[in-house]
Amino acid sequence: METSGGLAVVIVGAGPRGTSVMERLLAQYAARPARPARTPRPLHIHLVDPFPPGPGHVWRTEQSRLYLMNTQSFFPTLIPDQGVAAAPLAGCSFNDWRGRMRQTPDPALSEGDRAELAQLTATGFPSRALYGRYLSWCVARLLEKLPDGATVTHHRAEARRVARDHENGGYGVELLNGETLHADKVVLALGHVETRLSPAQREFRDDARANGLSYLPPAVPNDVDWDQLPAGATVLVRGMGLNFFDVLGQLTEGRGGRFETTAADGGALTYVPSGREPVVVGASRRGTPYRAKAALESYYPAGVELRFLGEDAVAKIRGMGATAGFEHDIWPLLHRDTLWAYYTTLGRSSPDALAAGFLPELDALLHSGLDGDGVDWAERLKSLTARHVAEGRALDLAALARPLSHHPLRPGGKHRFGSQAELDAAVLAYLADDAASSARGEEDPVKMAIGALNAGRAIIKSLVADGGITQESWLGELRGWFEGFVEGLASGPPALRMEQLAALVRAGVVHFSGPDPVFRIQHGLFQLSSPWVDAEPWHARHLVEALAPANRVQGTASRLLNNLQADGLARPRVMLAADGGAVVTSGLDVSAPPYRPLDGAGTPVPGLYVLGLQLSSVQWGTAIAAQAGAEYRSGYRTVLDADAIAADILA
């Protein structure tokens, strides 16, 4: 609604997504058609965030440069380059900004920024601090280009409640500092918020405290005081995804250690310790870190084509509405694309690994069985590869996902690994092999198979957001197994991190627990063991959860989210599992785009919008930034969502 003072919009959360809404509001406001004989209504945008607009909490510019982004310079953008009608007022993609800053440095750049920019390439991985500087720059340029009638005010505070303003209409946004802002419209772009520990984590924390142990719960890595972990102590780290490498960086290079390349080691990295490092023991279900990203000139491999999960198939699946199942309707197509990417690359890079005529036979097989017996098709594939693919060269996706768990058990032995040294050697070999695979880029069959999975993931994201799949398939299949499977293969760190980790293993700084780790507290210490390793358990006084805080609206520590639910302005989405049981999902229950929370009665709340991580129950993969020049619509979905919210606000 309009007020005498114009249109007041409060955006709670001024990180990249909140800033994106601001950018779209300003762009659409500037592009509004002229209205003769009417004075344009003023637009007042209020950004509410204790952290600076643009970087927000996660991308703060003062954080360590050892924290890297998980995408290359050419990938991220705050400013839309397609899919929207209103042209941006200012700004550019991160990579364009990188080029500009190298030629004409902005005065706001720090010495660290300038040094990093001097070395950073389009295919390099920027630090999070530098990306934060880019976000700050975009905000500054937007504020310089404010259209007439528009104002932007930043309130450096946390919002505690959004309540209906029954007297004036709209909403009152209550801040922790005691101020209340009137809002005609409110956008919730909260990003990562504090989450209460799970019951199991709370029990573990409480037991640790009772025994005088140090337990570091899931957290944004830059929020953690790493100095509390003493030099020389054994530190158990649970989780070997992206946060694992953040932990390692702070406990090694962050304490004065350095990596060197020496000709004597064949160009391999050597770690020179500072003497301040702890002994780190990494643990995860797989027993190995995420696989590294391939060295590519683009986010998706240029040589990978989705022939089965293509536009025709996508249109057919989309037409099914919410009756499609992941395993029945989607995975068979993506599996075929993955097989084709792998074997065509293998035939190109290692032609002796395939018998003559194999690829035409495979092509024919892949085009069969789509409407028939999937079991029969799988058996025919197994027979074909057994006859025509060299031993040990057939694609085994299960082995890729669990590399330590898909080797034959030792004859007569109960455990796969007979000692800690044997396990560490196996993981070291895995790291070396994965780094070499990444270096081969488009010529590596495994990385191209993973590239197909990653491209398929982009297609699936749009399918989910456009109407989704059945609830039981979402819970039991997409989120149940495929999400963890594809993340471990396609969401890994830069290959440099694998080379550095290998150097840390050789230096004796890092060890591993083995697959399926078991954590407990025994005799006043943390104890870590694996059923796959015949070795003494690890004992330590320190345990780090190398995980981001859980993104769940139920069980959150956010005052705002809890108050929204208590006041009946929002609720978590509930889905039905395959057994008919109700499952409370991680995100809010929302309307169709532009996403508005549903109140306790299931009615969309007018003038209240949601963007970002709290949409995790209607979108899949909400954490990644918008992609510059995106090949797939899901790559700029966050921009489309922000644009739709802005259009509805200004309508």
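Residues numbered from 1 in each chain as written. Predicted model: local features only at pLDDT ≥ 70, side-chain atom pairs only at ≥ 80, totals over all residues. Heavy atoms only, no water.

Draft legend 1. Fine view of helix α8 (residues 326-349). Under the 1.5 Å per step criterion, the end-to-end length of α8 is 32 Å for 24 residues, consistent within 8% with the ideal 34 Å. Burial runs high along α8: 17 of the 24 residues are buried. (Helix = DSSP H or I, 4+ residues; strand = E, 2+ residues; numbered from the N terminus. Expected span 1.5 Å × (residues − 1). Buried < 20%, exposed > 50% of the residue type's maximum accessible area, 1.4 Å probe, protein only.)

Draft legend 2. Structural context of the sheet that holds strand β16 (residues 538-540). Taken together, the three strands give an open sheet; going across it, the order is β14-β15-β16, and neighbouring strands pair in antiparallel fashion. Of all the strands in the sheet, the pair left with one neighbour each is β14 (518-522) and β16. In this sheet, adjacent strand axes meet at a mean angle of 25° when their direction is disregarded. Bridge count between strand β15 (residues 525-529) and β16: three bridges; the pairing is antiparallel. Across the sheet, the residue bridging to L528 is W538, located in β16. Packing of helix α5 (residues 199-210) onto the sheet brings it into contact with β14 and β15, and relative to β14 it is tilted by some 35°. (Pairing = 2+ DSSP bridges. Axes fitted to C-alpha atoms, helices over the stretch in contact; angles between N-to-C directions. Contact = heavy atoms within 4.5 Å.)

Draft legend 3. Structural context of the packing of aromatic side chains. If you walk through the whole model with that rule in mind, you get 25 aromatic pairs. Their ring planes at 90° and their centres at 6.4 Å tell us that W331 and F485 sit as a pair that is edge-to-face. Of the two residues, W331 is situated in helix α8 and F485 in helix α14 (residues 471-490); the sequence distance between them amounts to 154 residues. Note on accessibility: W331 and F485 belong to one class, buried. One aromatic cluster is present, formed by F326, W331, W481, F482, F485 and W620 through successive ring pairs. (Phe/Tyr/Trp six-rings, centres within 6.5 Å; stacked < 30°, edge-to-face > 60°.)

Draft legend 4. The sheet that holds strand β6 (residues 180-183), seen in detail. The strand order across the open sheet built from three strands is β4-β5-β6, with neighbouring strands paired in antiparallel fashion. Because the sheet does not close on itself, it has two edges, and the strands there are β4 (159-164) and β6. Going across the sheet, the axis of each strand differs from the next one's by a mean of 20°, ignoring polarity. Bridge analysis of strand β5 (residues 171-175) against β6 gives four bridges, and the strand direction is antiparallel. From the neighbouring strand, G172 faces β6, where its bridge partner is H182.

Draft legend 5. Fine view of the confidence of the model for the protein chain. The predicted model of the protein chain has a mean per-residue pLDDT of 93, with 96% of residues at 70 or higher. Low pLDDT (under 50) marks residues 408-414, which in the prediction has seven contacts with non-local residues, meaning those over four places away or in another chain. (pLDDT = per-residue confidence, 0-100.)

Draft legend 6. Spatial organisation of the side chain of Q250. For Q250, the location among the structural elements is in helix α6 (residues 242-251). Its relative accessible area of 13% is what places Q250 among the buried residues. In this view, Q250 contacts S64, L66, Y67, W226 and R255; residues no more than four positions away in its chain are not counted.

Draft legend 7. Structural detail: unusual backbone geometry. Between P593 and P594 the backbone carries a cis peptide bond, its omega angle lying at -5°. One can find P594 in the loop between β19 (582-588) and β20 (608-610). With a phi angle near 50°, D516 is a residue other than glycine that sits in the positive phi range. Locating D516 in the fold gives a position in the loop between β13 (510-512) and β14. Positive phi is not limited to glycine here, since H523 has a value of about 55°. Position of H523 among the secondary structure elements: in the loop between β14 and β15.

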